[in-house]
Amino acid sequence: MSASFVKGMKCRVCGTTYPVSPNNFCTDDFGPLEIDYDYHSITEAISRSKIEMRTWNMWRYREFMPLDNDPTVGLHSGGTPLIKANRLGKALGIEDLYLKNDAVNFPTLSFKDRVVAVALSKAKEFGLKTVGCASTGNLANSVAANAASAGLESYIFVPADLEKAKILGTSVYGAKVLGVQGTYDEVNRLCTQVAFKHGWGFVNINLRPFYAEGSKTMGFEIAEQLGWKTPDQVVSPMAGGALIGKVHKAFQEAYKCGLLEKEPTTRFFGAQASGCNPITDAVKNNRDQHKPVKKPNTICKSLAIGDPADGYFASRLIRDSGGWGEDVTDDEICEGMLMLAEYEGVFAETAGGTTLAVARKLLQQGKLSPHGKTVLLITGNGLKTQDAITSHVEPPTHIAATLDAFEAVRESLGDFTPLAKTQFKTQLVGV
Ligand SMILES: *Cc1c(COP(=O)(O)O)cnc(C)c1O
Ligand SMILES: [Zn+2]
């Protein structure tokens, strides 16, 4: 790549500018820092046809990423399918429904592969040799895998009660994994101390301004996959609250830099679990500032951040865009997972179940419209959260290896799918 389009960093609260460095907050007011781009130069450098000639991965939008040189980490991330979900749409009563499926992102099967690709490419530009993160699971997997392939040392801090598959999917890459006795917010506080004491690159702490930009690529891809048009509605899961805002930012930047004809008017809807709902609670009660949830309690551990860093910006965006926020119970989350699986063949993790269940709830409330293009962001893979739905799914029927044995049990295999055994199905519109 020829040149960087980054002018510097800027405080999101007071607008003070800073030179690019591994730092995430304004020294005046502790406001979060964000990358400041030269959009005029980006507009001159890119076009739809130039982007369309590039490989189908997240780096086809590289001018919008905060790197000085070509990326060096996570070169194959992004480029995930946008699925037209006809069966699911019909069942829910949503006309034109799509799933943006980051459950199949490379290399670790969640949308976090996008943010880590940017954060670790930037860490290498800064000359950092040791990286880390505070994680609810998926970030741990992605930092560990990408650090391994980049030859970086990694320290991964997670709440000790995380799903087994997410711990194993971190340790296997040779990362140093610390299971901390405490909530995610306590893990995050510890990591802030470690990052600044040792001068290491923690992707979602001192590298957060770079990290968060990676989420924009999910938005650029959606717009391109819809024929350089933005959807009318997006339903996004929220943990720290960055993803939802960055998809919005991508739509705005794509328009500003000439990739879209029509100014985006997408309404943004945020999804959380009722057991950890600081942002949706703020939205529903018309507050900008969220009240931190002290003791998150939900099967959706990937979204269980009680004091989200971007909570304020997420709740503002949701209301300003004409969207809304909702949260759902653990049972509804399981049912959402089963519904994605049974209607679209997509096995998403608990966050995907949350997003679907929230979309359905918002539709019933009349907040989400059944008309217009609606995109659900599916951000993680169900194989990592098997415990959540194991009890809903029947074990296989064991038989001898004979035709007679099969015929003997065929009738008794039953008509009922896992979803049919839940409360969910009876309340559906179509089918
Ligand atoms: C991290 C994560 C999110 C939310 O990301 P934020 O940008 O922190 O809001 C959503 N889904 C999954 C599966 C995640 O791991
Ligand atoms: Zn400031």
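Thresholds applied
- Residues numbered from 1 in each chain as written.
- Chains lettered and ligands numbered in written order.
- Predicted model: local features only at pLDDT ≥ 70, side-chain atom pairs only at ≥ 80, totals over all residues.
- Heavy atoms only, no water.
- Helix = DSSP H or I, 4+ residues; strand = E, 2+ residues; numbered from the N terminus.
- Rg over C-alpha atoms; globule rule 2.2 N^0.38 Å.
- Buried < 20%, exposed > 50% of the residue type's maximum accessible area, 1.4 Å probe, protein only.
- Near = heavy atom within 4 Å.
- Polar contact = N/O pair within 3.5 Å; in protein donor to acceptor, adjacent residues only side chain to side chain.
- Areas by Shrake-Rupley, 256 points an atom, 1.4 Å probe, with all protein chains shown as cover.
- Nonpolar A, V, L, I, M, F, W, Y, C, P; charged D, E, K, R; others polar.
- Donors = N, O, S within 2.8 Å, 3.2 Å for Na, K, Ca; no water.
- Pairing = 2+ DSSP bridges.
- Phe/Tyr/Trp six-rings, centres within 6.5 Å; stacked < 30°, edge-to-face > 60°.
- Expected span 1.5 Å × (residues − 1).
- Contact = heavy atoms within 4.5 Å.
- Salt bridge = Lys/Arg side-chain N within 4 Å of Asp/Glu carboxyl O.
- Arc of directions from axis to C-beta.

**Looking at the overall build of the chain**
Here's step 1: Counting its secondary structure elements, the chain contains 15 helices and 13 strands.
Here's step 2: Its C-alpha atoms give the chain a radius of gyration of 21 Å, near enough to 22 Å, the size a compact globule of 431 residues would have.
Here's step 3: With respect to the principal axes defined by its C-alpha atoms, the chain has extents near 70 × 50 × 45 Å.
Here's step 4: Out of the 431 residues in the chain, the part that is buried amounts to 57%.

**Regarding the site of ligand 1**
Here's step 1: Neighbouring ligand 1 are 16 residues; K112, G240, G241, L243 and T379 lie closest to it.
Here's step 2: Within the backbone of A239, one N or O atom sits 2.9 Å away from an oxygen atom of ligand 1.
Here's step 3: When ligand 1 is considered free in solution it has 380 Å² of accessible area, and contact with the protein chains removes 97% of it.
Here's step 4: Per-class residue counts for the shell around ligand 1 are 8 nonpolar, 6 polar and 2 charged.

**Let's talk about the coordination of the zinc ion (ligand 2)**
Here's step 1: The protein atoms that coordinate the zinc ion (ligand 2) are C11 (SG), C14 (SG), C26 (SG), D29 (OD) and D29 (OD), at distances spanning 2.3 to 2.5 Å.
Here's step 2: In primary-sequence terms, the residues that donate to the zinc ion (ligand 2) follow C-x2-C-x11-C-x2-D. Of this pair, C11 sits in strand β1 (residues 6-11) while C26 sits in the loop between β2 (17-18) and β3 (33-37); the two residues are 15 residues apart in sequence, bridging distant segments of the chain.
Here's step 3: When its relative accessible area of 4% is taken as the criterion, C11 is described as buried.
Here's step 4: Here C26 falls in the buried class, since its relative accessible area comes to 0%.

**Some details on the sheet that holds β1**
Here's step 1: The strand order across the open sheet built from 3 strands is β2-β1-β3, with neighbouring strands paired in antiparallel fashion. Edge strands, defined here as strands with exactly one partner in the open sheet, are β2 and β3.

**Thoughts on the packing of aromatic side chains**
Note on aromatic pairs: each is described by the distance of the centres and the angle between the planes.
Here's step 1: With the rule as written, the count across this model stands at 10 aromatic pairs.
Here's step 2: Consider the rings of F126 and F210, whose centres lie 5.5 Å apart with planes at 75°: the pair is edge-to-face. Here the residue F126 occupies a position in the loop between α4 (112-125) and β6 (130-134), and F210 occupies one in helix α8 (residues 208-213), the gap between them amounting to 84 residues.
Here's step 3: On the basis of relative accessible area, F126 is assigned to the partly exposed category, the value being 26%.
Here's step 4: According to the relative accessible area criterion, F210 is buried, its value standing at 1%.
Here's step 5: Between the aromatic rings of F251 and F268, the centroid separation amounts to 6.1 Å while the plane-to-plane angle is 40°, which identifies the pairing as tilted.

**Re helix α5 (residues 138-150)**
Here's step 1: Between its first and last C-alpha, α5 extends 18 Å over 13 residues, near the 18 Å set by a 1.5 Å rise per residue.
Here's step 2: Burial analysis of α5 places 11 of its 13 residues in the buried class, which makes it a mostly covered element.
Here's step 3: Within α5, burial applies to N138, L139, A140, N141, S142, V143, A144, A145, N146, A147 and A150.
Here's step 4: Each element contacted by the buried residues of α5 is listed here: α4, β6, β7 (153-159), α6 (164-171) and α8.
Here's step 5: At the exit of α5 stands G151, carrying a positive phi of roughly 75°.

**A closer look at the pattern of salt bridges**
Here's step 1: In the structure shown here, the tally under the stated rule is 32 salt bridges.
Here's step 2: In this structure, the salt-bridge partner of E34 is K249, at a minimum N-O distance of 3.6 Å. In this pair, E34 sits in strand β3 while K249 sits in helix α10 (residues 242-256), placing the two residues 215 residues apart along the sequence.
Here's step 3: By relative accessible area, which is 22% here, E34 ends up partly exposed.
Here's step 4: Linked through salt bridges whose partners overlap, the residues forming this network are R12, E34, R208, E213, K216, K246, K249, E253 and D310.

**Concerning the environment of I399**
Here's step 1: With respect to the helices and strands, the residue I399 is situated in the loop between β13 (373-378) and α15 (403-410).
Here's step 2: With 79 residues separating them along the chain, I399 and D320 place their C-alpha atoms 58 Å apart.

**Here we look at α6**
Here's step 1: Considered for burial, the residues of α6 that qualify are K166, G169 and T170. One side of α6 carries all its buried residues, which in axial view fall inside an arc of 100°. Exposed and oriented more than 90 degrees from the buried face of α6 are K164 and L168.
Here's step 2: Against the buried residues of α6 lie α5, β7 and β8 (176-180).

**Quick notes on the side chain of R114**
Here's step 1: Tracing the backbone through its elements, the reader meets R114 in helix α4.
Here's step 2: Setting aside residues no more than four positions away along its own chain, R114 makes contact with M58, G78, G79, T80, K100, D102, N105, G214, T217, M218 and E221.

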